[in-house]
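This is what each chain is made of:
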Amino acid sequence: METSRTAREPRLPVFGAALIGVVALAAALAAGHLVAGFISANASPYLAVGNGAIDLTPVGLKDFAVRTFGVYDKLVLLGGMAVVMVLAAAVAGIASRRSPVPGIVLIAAFGLLGGVAVAQRPDLSAVALLAPLASLIAGVGVFFWLHRLASAGPQAEVAGASRRSVLLAGAGAVVAAGAAGAGGQLLAGTRDAESSRTAVGRLVPAEPAPPIPADADFAKLGTPTFLTSNRDFYRVDTALSVPQVRAEDWSLRLHGMVREEKRFSYDDIRGRPLIERTITMTCVSNEVGGNYVSTANFIGVDLGDLLREAGVLPGAEQIFSTSVDGWTAGSPVVAALDPERGAMLAIGMNGEPLPVEHGFPARMVIPGLYGYVSATKWVKDLEITTWKARRAYWLERGWGEQAPIKTQSRIDSPKGFETVPAGKVRVSGVAWAQHTGIERVEVRLGANGSWLPATLSREVGVNTWRMWWTEFDVPAGSHQVTVRAVDKSGYTQTDARAGTVPDGATGWHVISFTAR
């Protein structure tokens, strides 16, 4: 009786089949990354899918990721994607022990998913589809080649000489994939913004910010320093890969409901008399007691001056700003035009050109508003329009429209659950109410203790935070400290707890500590 075709076909070992799937996946991702190096980093299918995942993630989950992982939220996303893809590729390889069809279908599905993700990127043109196409061809080709090589000859041969051939071929494919991936990274580096940033040189403001007084912080008593270094300044954005924009390639278009459309190059902005302003910025994702608040000396030009030169027409309500990676924000026109607020198009930060991760070549900074409506980094387009006409990224996801920063305060020392010597215990921290200013800070020991005024640092301006400190006589045992701020409008910070969605967290910061 004739043996069936299936019975005659060799069945690949489980590990070898899984390895074929993983190697094919590596080849697909590397090929896409290599081609993306000629086009744009975001054309890499891996990054495009990651960016798509960020856009599709529910607001609550996204906020959880920011709270839990901080600046590592994107690394966690990419790592999670890598684990899922490797496992899927291994399973596809195992399912292809007799026939390459399951593996080819999965690799093709990954390629198509990458193509869809790239096609939906607002910052990419049609030519970017070459990257996922390269992934598709490389992945399917390598999988089919390795599978055919492993399946050739009788079972004995597969177990012997052919196995060595497959291992050598797989190793070669891995090396080639690594070289391709590294090549893509090197090609992307040829458009590196850091060298352009270095070439900008020193930025000298014609109107420097007033010197920061020595008593503007109580850093020796446990508060942050008044100015936050560029390295330590918080960063929260949706960019999986930091946009690389050279100053010589950058321009800003100002259009929409204006009398005259304007376009500015980097040299146009730098050539103007530069101003320097001390501004505290806060992220809407900042939980009560959180660290997403920082202060810097920003250098640039007055945003209101640019708008007045263009001539804002009656009825205009928002500045719809767009980043080079397609992210959008809506800012109130009235806030940008308010000369007392001091909105800026910033090109420098703490005496240097903007760090690349903080928006080089240029970003918006509008004091008193949460960053998601006021601080577009890598900004390239400002459209003056109405709230009804355009809906920005976070508004489409249920966040608030105007987003004024709420009056808040935080305890920095002692830390939560810290153990300190009994007796005199110093408590210190920071409070902020940008564009309103902090009038006083009150602290109490125990849930039912009396509110006592804290000593405030010297005020630098209503657009910046203020430090505070006080002391308590504390016996041995467990204790609780609560802080609240009162701003210059007379408003006392509410104790009502609210999450960050839709327009910022509220509540008093409370910490527990032990005295011994």
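Heads up: the structure comes first, above all this text.
Draft legend 1. Spotlight on the pairing of strand S14 (residues 438-445). Pairing of S14 with strand S18 (residues 477-487) involves seven bridges; the strand directions are antiparallel. Its bridge partner lying in S18, Ile 438 is registered against Asp 487. Bridge count between S14 and strand S15 (residues 452-453): two bridges; the pairing is antiparallel. Bridge pairing links Val 443 to Leu 452 in S15. Connecting S14 to the next strand, S15, in antiparallel fashion are six residues, including Gly 446 with a positive phi near 90°.

Draft legend 2. The arrangement of the sheet that holds strand S16 (residues 455-456) in detail. Here we have four strands laid out as an open sheet, ordered S11-S13-S17-S16, and antiparallel in their pairing. At either end of the open sheet lies a strand with only one pairing partner, and these are strand S11 (408-413) and S16. Bridge count between strand S13 (residues 423-432) and strand S17 (residues 466-474): nine bridges; the pairing is antiparallel. In the sheet register, Gly 423 faces S17, and the bridge partner there is Val 474.

Draft legend 3. Main features of the pattern of salt bridges. Enumeration over the complete set of coordinates arrives at 22 salt bridges. With its nearest N and O atoms 3.1 Å apart, the salt bridge here joins Glu 194 to Arg 197. Residue Glu 194 and its partner Arg 197 are both found in helix H10 (residues 193-200); the two are separated by three residues, about one turn of the helix. Among the ionic pairs, Glu 471 bridges to Arg 426, the shortest N-O distance being 3.8 Å. Note that Glu 471 is positioned in strand S17 and Arg 426 in strand S13, a separation of 45 residues in sequence. We classify Glu 471 as partly exposed; its relative accessible area is 33%. Arg 426 sits in the partly exposed class, given a relative accessible area of 37%. Connected via shared salt-bridge partners are Arg 277, Asp 302, Asp 305 and Arg 308.

Draft legend 4. Focus on the sheet that holds strand S12 (residues 419-420). Reading across from one edge, S12-S19-S18-S14-S15 is the order of the five strands in this open sheet, with mixed pairing throughout. One side of each edge strand has no neighbouring strand; the edge strands of this open sheet are S12 and S15. Relative to strand S19 (residues 509-515), S12 is paired through two bridges, and the arrangement is parallel. Its bridge partner being in S19, Val 420 is matched across the sheet by Ala 515.

Reading guide: rules and limits
Residues numbered from 1 in each chain as written. Predicted model: local features only at pLDDT ≥ 70, side-chain atom pairs only at ≥ 80, totals over all residues. Heavy atoms only, no water. Pairing = 2+ DSSP bridges. Helix = DSSP H or I, 4+ residues; strand = E, 2+ residues; numbered from the N terminus. Salt bridge = Lys/Arg side-chain N within 4 Å of Asp/Glu carboxyl O. Buried < 20%, exposed > 50% of the residue type's maximum accessible area, 1.4 Å probe, protein only.

Limitation: the analysis is restricted to geometry and does not speak to function.
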